[in-house]
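Next come the chains, spelled out residue by residue.
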Amino acid sequence: METHKAKRVAVIIEAIMQSRLTNAMESAGITGYSVLPVLAGGGRSGNWSRDGQISRGQGMVQVLCIISPEKLDNLLENAFPLVERHIGVITVSDCEVLRAERF
Amino acid sequence: METHKAKRVAVIIEAIMQSRLTNAMESAGITGYSVLPVLAGGGRSGNWSRDGQISRGQGMVQVLCIISPEKLDNLLENAFPLVERHIGVITVSDCEVLRAERF
Amino acid sequence: METHKAKRVAVIIEAIMQSRLTNAMESAGITGYSVLPVLAGGGRSGNWSRDGQISRGQGMVQVLCIISPEKLDNLLENAFPLVERHIGVITVSDCEVLRAERF
Amino acid sequence: MDGMLALAADNLLSPIILFFVLGVMAAFARSDLSIPEAIAKGMSIYLLFAIGFKGGAAVADNGIDATLLLSLVAGLVLSFALPLVAFMLLRAMTRLSVVDAAAVAGHYGSISIVTFVAATSVVQSAGLTSEGYMVAVAAVMEAPAILSALWLIARFSKGTTKMDAGLLREILLNGSIVLLIGSFLIGVITGTDGLTMIAPFIVTPFQGVLCLFLLDMGLVAGRGLREARGVLKPGLFLFGVLMPVIGSMFGLLAGSLLELSTGGIVLFMTLAASASYIAVPAAMRVALPEANPSIYLTLSLGVTFPFNLTLGIPLYLAVATLVTGG
Amino acid sequence: MDGMLALAADNLLSPIILFFVLGVMAAFARSDLSIPEAIAKGMSIYLLFAIGFKGGAAVADNGIDATLLLSLVAGLVLSFALPLVAFMLLRAMTRLSVVDAAAVAGHYGSISIVTFVAATSVVQSAGLTSEGYMVAVAAVMEAPAILSALWLIARFSKGTTKMDAGLLREILLNGSIVLLIGSFLIGVITGTDGLTMIAPFIVTPFQGVLCLFLLDMGLVAGRGLREARGVLKPGLFLFGVLMPVIGSMFGLLAGSLLELSTGGIVLFMTLAASASYIAVPAAMRVALPEANPSIYLTLSLGVTFPFNLTLGIPLYLAVATLVTGG
Amino acid sequence: MDGMLALAADNLLSPIILFFVLGVMAAFARSDLSIPEAIAKGMSIYLLFAIGFKGGAAVADNGIDATLLLSLVAGLVLSFALPLVAFMLLRAMTRLSVVDAAAVAGHYGSISIVTFVAATSVVQSAGLTSEGYMVAVAAVMEAPAILSALWLIARFSKGTTKMDAGLLREILLNGSIVLLIGSFLIGVITGTDGLTMIAPFIVTPFQGVLCLFLLDMGLVAGRGLREARGVLKPGLFLFGVLMPVIGSMFGLLAGSLLELSTGGIVLFMTLAASASYIAVPAAMRVALPEANPSIYLTLSLGVTFPFNLTLGIPLYLAVATLVTGG
Ligand SMILES: Nc1ncnc2c1ncn2[C@@H]1O[C@H](COP(=O)(O)O)[C@@H](O)[C@H]1O
Ligand SMILES: Nc1ncnc2c1ncn2[C@@H]1O[C@H](COP(=O)(O)O)[C@@H](O)[C@H]1O
Ligand SMILES: Nc1ncnc2c1ncn2[C@@H]1O[C@H](COP(=O)(O)O)[C@@H](O)[C@H]1O
Ligand code: NA
Ligand code: NA
Ligand code: NA
């Protein structure tokens, strides 16, 4: 089956920042994304988990975005300022997609 | 540690289609998969979120499938017809696995 | 935007093993990780799902860990013994990260 | 007429309606108020469990009514037939494609159980009783409309639909049908004794749970309306308030022919007037992925549901009282 | 004998059992009916909270009984000992490996709290009372059986198990033990005053919540049975109904020696007869990953739980009444 | 003095407090006991719904009090002003950075609704009544403190904060504010009739739900304290118990000037004394990501909340009784 090169950008970010991130992406013309829940995690700012969290609902989510490679820089430039001051992780990896016209 | 090449196929699909997809995969001899929840998303058919959804429980899920490379075409051919008429995204990427005999 | 090579390690493992895995990672000096829920799955030991499970809460989770490539062997060596006797899947893939100093 | 206005006003100022309105307003104002999905699902399970059981216990109490079976048949017929009416209306009043019109039509043959519950509570406040088996009628009316919708497609469009065996089983053994019928039967079997035992769970706190549940419905309906403003063309909106009234007339006819009690007629009118927003949409996504979900969801949950809740039910009550003379 | 049949029939037609049956049937029919995980967990927290508190308040009311401590000790001994009995039986009756047999055996020394709750409700309907501290006995019986299972492995198999300190803490401070004991102690401390304050939450709606909870148990047990049909060899199935009866005899012995009330003896029998399906499976996954979970889960939740719920408890009640003559 | 000790002892041995303590102890012992997130959120929605509605119904019953508006204004002023007091205290007593101090200060101007609910229940047990509109005062006190915190940063630090329009809307239309005010208004509109209708849901089981909710609070507070031990320097800890007492004095002043009932004064003192642990932390994460969340969360939920719950509220009750002479 014919596949096409694309980029998979995954941003792990605080839930309260989610709508700000997706709004920023939309303003940059990137409308396809999915948000996945994160249950627990650890990092430089310590460990947390949804169950034991002092204030639930303040956990993190993973925003997943499949885009065509030429849009990557645009996405990163728009997403980065929002994430910069906040805790979280941005990763980019290669992938292949079917139906490339969608991305 | 010794690792082996494999493919990581991720299908974001409506929850109501999940069992149809995994059934189709099983008929094609592919039995290993995991299903992850998706909280919210955006795409050509607009934005949605599990909380604000007109009819909850009709959200999307991500079906994740690690397979040995030679089974990829088989998987895509069997999964694709199901997904074709429906909204959603299929991505394929390279990965390495331990214990290759399992895939 | 400048990115750096990193490894993305994803371990699908029983929920009851989660803290043992992250503890083992921490002892090995790897503190950054995120845990994602898994709703359902299938494999050599049959199908399961969080809803229909005989005993809920005994499902699986996905532990995600982004690390710099030179730490990969250390991680795998420490994580593997725990996972070895248990059901589950370990995959490793390449990715790029911003802010490499964090990993 | 005056009585009816008073009735409508009374209904509009009941906590149940006001919490629905609160939800809609919160959604419009883009508040982050939300009820967790599991809680919302838990409440809907509670409502089905409670009304099913109470209906069954009432049947056990009154003995099996001769018209029970006929009422079920009438429900089936209505559920099959109403989509045809709706389809014709939609083709006349709106510019929806055949596929979208058939999908919408399917929703109006089926029912909304919360609308039914709200009607039960209005009927009760009005001091009327109703046949306990109306919940069984509600259950049988859920699914047939889906088949009508698919038949409409097969008949009027070149498109193919995927009515596989799996889908048929999913529709018929849909969780809410199983829970409603199951609780109804358990209510019939255990009767008043059973009811006494669990009344502090299913009777006394019922209205309070309903308020919270309608708050959630308001939030969801409001968010849906906000997102789907563009979809709601005038013709479509008009259909969303006209069709329930037309449906209710069929319900009135059925209820009168069956010589149900006034309360029972109101419930039959409400069932015919209400539109599905869970079972039918799910089936449509599988069988008819080309149909645009925001059209049928917005109409059913954003227009018809609020209409029935606020104006429709008091109207049906007034009409039924008029017709039966008491 | 006649009395016992009537009792069993009564029990079988109680809403609680019927909702369990509904769940099993819905699962067999592959309905998509399901209770959200959070709601199921919430209900089990509610049940533990309620029975712990009520037990404690009863103890506060009656004063500390001299036999409390002895009952706890008896519970401990049973929990340690029953797995040895079960293991021997399994080796004789089935072809399970040592590892699987030990894992299964561990489940039968421990207890199922829902079975206990159901028994309490049957005892009550029969007009009997029971010692409030039986919930404390239930709590102490949860964990010891796990140690016995691991000892069996160490003794009879070359395999190694991983009984690390972490696991021991997890077993002893298991959420349900902590909640049950904690609520019990708070009940003891706050007594009747405390109970009066929260009775509208933990007493009056209790039976209703139990119905919904058993609906969920039925769904889960039914799904488990459907998936694991292959596992249920005749010998294994027989063990699943024989072992509870044998266990109950040990409970009868303990309860009689301790001169508990008839109701207390029924509960002791039920505890001994019931098999764990939460705490022990979790521990087994950590310590004994090689043991096949579908064997022990299917037996405990798919066979022994329904058996106790439907036939076992009325049987234990009849036997205890016979033995104590009251 | 004796009376006050008895009061404190009484309070400490109420089921509500004991369940909180159980939660803290379970967390310290690292038990895996936990309440699912959805259930915890569901319970907090229940509490807001119930106290909002009851407050509104009480207002409907008593007629609008002339001091209602003044009380709202007083609440607003306190919420704006208390962060300034807290900030000065923190700069004097601790070595927190300007950013951290301002973030903490913001929490103490806002309120904790569970502390308020617990105080209501203590006021009731003491046989006192209070103004129904105090729940509206609670609602208006949630947000202003956030603006004060951001102003403190702008004034005393070079750092920038991101107070965008989106954030302001989020703060003002925060789910818990909307639900509390909405339920209050519906209570006012539907009055005693509405209350009678849903009392079996929001009145009778209230105390029981509160116990379970505080169990969860105990678990969460305990886990927070365990993780953040390092953060709790003596100066900070001292602030955590001193600030609520100081706050309560401002509340006393306001309540006395307004000539509220003794119960109303206790509630005003409690509002001023309590610190936010939901709304303000969320706003701080957006506007002030550099501030360390474990400092403000540990202080507010790990120190001040338990202090108010156990010692603070009885103290405020004693003082208010002393001052009003009844
Ligand atoms: N290396 C990593 N791999 C995966 N997730 C991470 C990693 N580092 C941080 N995270 C996630 O991001 C959150 C905040 O990280 P930090 O800013 O390092 O405290 C953590 O709690 C994790 O959920
Ligand atoms: N580019 C993308 N990256 C990640 N998820 C996507 C993307 N496009 C669509 N999705 C997901 O698939 C759903 C349906 O997409 P669509 O068919 O474009 O409306 C969206 O709501 C998202 O959850
Ligand atoms: N190939 C695979 N791809 C994705 N997830 C898998 C795969 N194989 C197994 N899993 C997950 O791991 C669990 C246990 O697998 P197994 O040990 O094969 O029974 C399954 O239930 C899935 O959740
Ligand atoms: Na209808
Ligand atoms: Na046992
Ligand atoms: Na305050």
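The coordinates are above.
Scope of this entry: the structure provided in the associated data block. (Residues numbered from 1 in each chain as written. Chains lettered and ligands numbered in written order. Predicted model: local features only at pLDDT ≥ 70, side-chain atom pairs only at ≥ 80, totals over all residues. Heavy atoms only, no water.)

What follows deals with the overall build of chain A. Helices and strands together make up the secondary structure of chain A, namely two helices and six strands. Reading the secondary structure of chain A in the N-to-C direction produces β-α-β-β-β-β-α-β. Its C-alpha atoms give chain A principal-axis dimensions of about 45 × 30 × 20 Å. The 103 residues of chain A split such that 63% are buried. Across chain A, every contact between residues at least 6 apart in sequence was considered, and the portion connecting residues at least 24 apart equals 78%. Entry remark: accessible area of chain A is about 3800 Å², with carbon and sulfur atoms responsible for 49%. Charged side chains of chain A number 11 positive and 11 negative; the gap between the two group centres comes to 7 Å. (Helix = DSSP H or I, 4+ residues; strand = E, 2+ residues; numbered from the N terminus. Buried < 20%, exposed > 50% of the residue type's maximum accessible area, 1.4 Å probe, protein only. Contact = heavy atoms within 4.5 Å. Areas by Shrake-Rupley, 256 points an atom, 1.4 Å probe, with all protein chains shown as cover. Lys, Arg positive; Asp, Glu negative; His and termini not counted. Charge placed at Lys NZ, Arg CZ, Asp CG, Glu CD.)

Relative orientation of the contacting elements helix 10 (residues 175-202) of chain D and helix 11 (residues 206-227) of chain E amounts to 155°, with a least axis distance of 10 Å. When the axis of helix 10 of chain D is compared with that of helix 11 of chain E, the two are roughly antiparallel. When the axes of helix 10 of chain D and helix 11 of chain E are compared, the crossing they make is right-handed. Here D:Leu179, D:Met197, D:Ile198 and D:Phe201 of helix 10 of chain D lie close against helix 11 of chain E, whose contacting residues are E:Gln207, E:Gly208, E:Val209, E:Cys211, E:Leu212 and E:Leu215. (Axes fitted to C-alpha atoms, helices over the stretch in contact; angles between N-to-C directions. Parallel < 35°, antiparallel > 145°, perpendicular 65-115°, else oblique. Left-handed = near helix turned anticlockwise from the far one by under 90°.)

Right, let's get into a nonpolar patch on the surface. Residue and element names in this part refer to chain D. On the surface, Val73, Leu76, Val77, Phe80, Leu147, Met163, Leu168 and Leu172 cluster together into a nonpolar patch covering about 620 Å² of accessible area. Listed by contribution, the elements that provide at least two residues to the nonpolar patch are helix 4 (67-93) and helix 9 (165-172). No other element matches helix 4, which puts four residues into the nonpolar patch. Structurally, Phe80 can be placed in helix 4. (Patch = residues over 30% accessible without salt bridge, like charges linked within 9 Å, V, L, I, M, F, W, Y side chains within 5 Å. Salt bridge = Lys/Arg side-chain N within 4 Å of Asp/Glu carboxyl O.)

For the rest of this paragraph, the subject is the coordination of the sodium ion (ligand 4). All names here are of chain D. The coordination sphere of the sodium ion (ligand 4), as far as protein atoms go, consists of Tyr108 (O), Ser110 (O), Leu271 (O), Ala272 (O) and Ser274 (O), spread over 2.4 to 2.8 Å. In primary sequence terms, the donor set of the sodium ion (ligand 4) follows Y-x1-S-x160-L-A-x1-S. Taken together, the positions of Tyr108 in helix 5 (residues 98-109) and Ser274 in the loop between helix 13 (262-273) and helix 14 (279-287) put the pair 166 residues apart, joining distant regions of the chain. Per residue, the accessibility class of Tyr108 equals that of Ser274, and both read buried. (Donors = N, O, S within 2.8 Å, 3.2 Å for Na, K, Ca; no water.)

Now for the site of ligand 3. Taken together, 18 residues lie near ligand 3, and B:Ser34, B:Ile66, C:Arg44, C:Ser45 and C:Trp48 sit nearest. More than one chain reaches ligand 3: the nearby residues come from chains B and C. Note that an oxygen atom of ligand 3 is positioned 2.3 Å from one of the side-chain N or O atoms of C:Ser45. Here C:Trp48 contributes a side-chain N or O atom positioned 2.7 Å from an oxygen atom of ligand 3. (Near = heavy atom within 4 Å. Polar contact = N/O pair within 3.5 Å; in protein donor to acceptor, adjacent residues only side chain to side chain.)

Once that is clear, we can look at the interface of chain B and chain C. Across the boundary between the two partners, chain B contributes 22 residues, which contact 27 residues of chain C. Across the chain B/chain C interface, buried area totals approximately 2000 Å², and carbon plus sulfur atoms make up 58% of it. Counting every contact that joins chain B to chain C gives zero salt bridges. Within the residue set of the side of chain B that touches chain C, elements represented by two or more residues are helix 1 (18-27), strand 2 (33-37), strand 5 (60-67) and strand 6 (88-97) of chain B. In terms of residue count, strand 2 of chain B provides more of the side of chain B that touches chain C than any other element does, five residues in total. A class-by-class count of the residues in the side of chain B that touches chain C yields twelve nonpolar, four polar and six charged. (Buried area = accessible area lost by both parts, 1.4 Å probe. Nonpolar A, V, L, I, M, F, W, Y, C, P; charged D, E, K, R; others polar.)

How big an interface is tends to be stated in terms of the accessible area lost upon association of its parts. Each partner contributes to the interface: chain D provides 26 residues, whereas chain F provides 23 residues. Across the interface of chain D and chain F, roughly 2100 Å² is buried in total on both sides, 81% from carbon and sulfur atoms. Considering only the side of chain D, the residues that lose the most area to chain F are D:Pro15, D:Phe19 and D:Leu212, jointly responsible for 22% of the buried surface there. Where chain D touches chain F, the interface holds zero salt bridges. At the boundary of chain D and chain F, one finds three residue pairs in polar contact (both at pLDDT 80 or more). Secondary-structure elements contributing two or more residues to the side of chain D that touches chain F are helix 2 (15-28), helix 3 (37-62) and helix 11 (206-227) of chain D.

The environment of ligand 1 is formed by 18 residues, the closest being A:Arg44, A:Ser45, A:Trp48, C:Ser34 and C:Ile66. Residues lining ligand 1 come from chains A and C. One nitrogen or oxygen atom from the main chain of A:Arg44 is found 2.8 Å from an oxygen atom belonging to ligand 1. In this structure, an oxygen atom belonging to ligand 1 sits 2.7 Å away from a side-chain N or O atom of A:Trp48.

Bringing the relation of the copies chain D and chain F into the picture now. Once turned by 120° and shifted 0.0 Å along the axis, chain D lies on chain F with an RMSD of 0.0 Å. Taken together, the rotation and translation relating the two chain copies correspond to the operation of a three-fold axis. Considering only C-alpha atoms, the part of chain D nearest the rotation axis is D:Ala38, at 3.7 Å. Little of the interface of chain D is mirrored in chain F: 8% of its interface residues are interface residues there too. (Least-squares fit on C-alpha atoms with pLDDT ≥ 70 in both.)

With 451 residues, the main nonpolar core has A:Val9, B:Val9, C:Val9, D:Phe268, E:Phe268 and F:Phe268 as its most contacted residues. Every residue in contact with C:Val9, bar those within four places of it in the chain, is listed here: C:Val63, C:Leu64, C:Cys65, C:Ile67, C:Leu72, C:Leu75, C:Leu76, C:Ile90, C:Thr91 and C:Val92. In this structure, A:Trp48, B:Ala10, C:Ala10 and C:Ile66 belong to the second largest nonpolar core, which totals 26 residues. (Core = buried A, V, L, I, M, F, W, Y, C linked by side-chain atoms within 4.5 Å.)

A word on the packing of aromatic side chains. Pairs of aromatic rings are described using the distance from one ring centre to the other and the angle between the two planes. The final tally for this structure, using the stated rule, is 27 aromatic pairs over all chains. Their ring planes at 70° and their centres at 5.4 Å tell us that E:Phe20 and E:Phe305 sit as a pair that is edge-to-face. With E:Phe20 in helix 2 (residues 15-28) and E:Phe305 in helix 15 (residues 293-324), the pair connects residues that are 285 residues apart, well separated along the chain. Just as E:Phe20 is buried, E:Phe305 falls in that class too. Just above the ring of D:Phe206 sits the side chain of D:Lys54; from NZ or CZ to the centre is 3.7 Å. (Phe/Tyr/Trp six-rings, centres within 6.5 Å; stacked < 30°, edge-to-face > 60°. Lys NZ or Arg CZ within 6 Å of the ring centre and 35° of its normal.)

Tracing the sequence through the fold places A:Ser93 in strand 6 (residues 88-97). Residue class for A:Ser93 comes out buried when judged on its relative accessible area of 9%. Once residues within four sequence positions are removed from consideration, A:Ser93 is found in contact with A:Ala6, A:Lys7, A:Arg8, C:Asp94 and C:Cys95.

Spatial relationships are all this shows, so hold off on functional conclusions.
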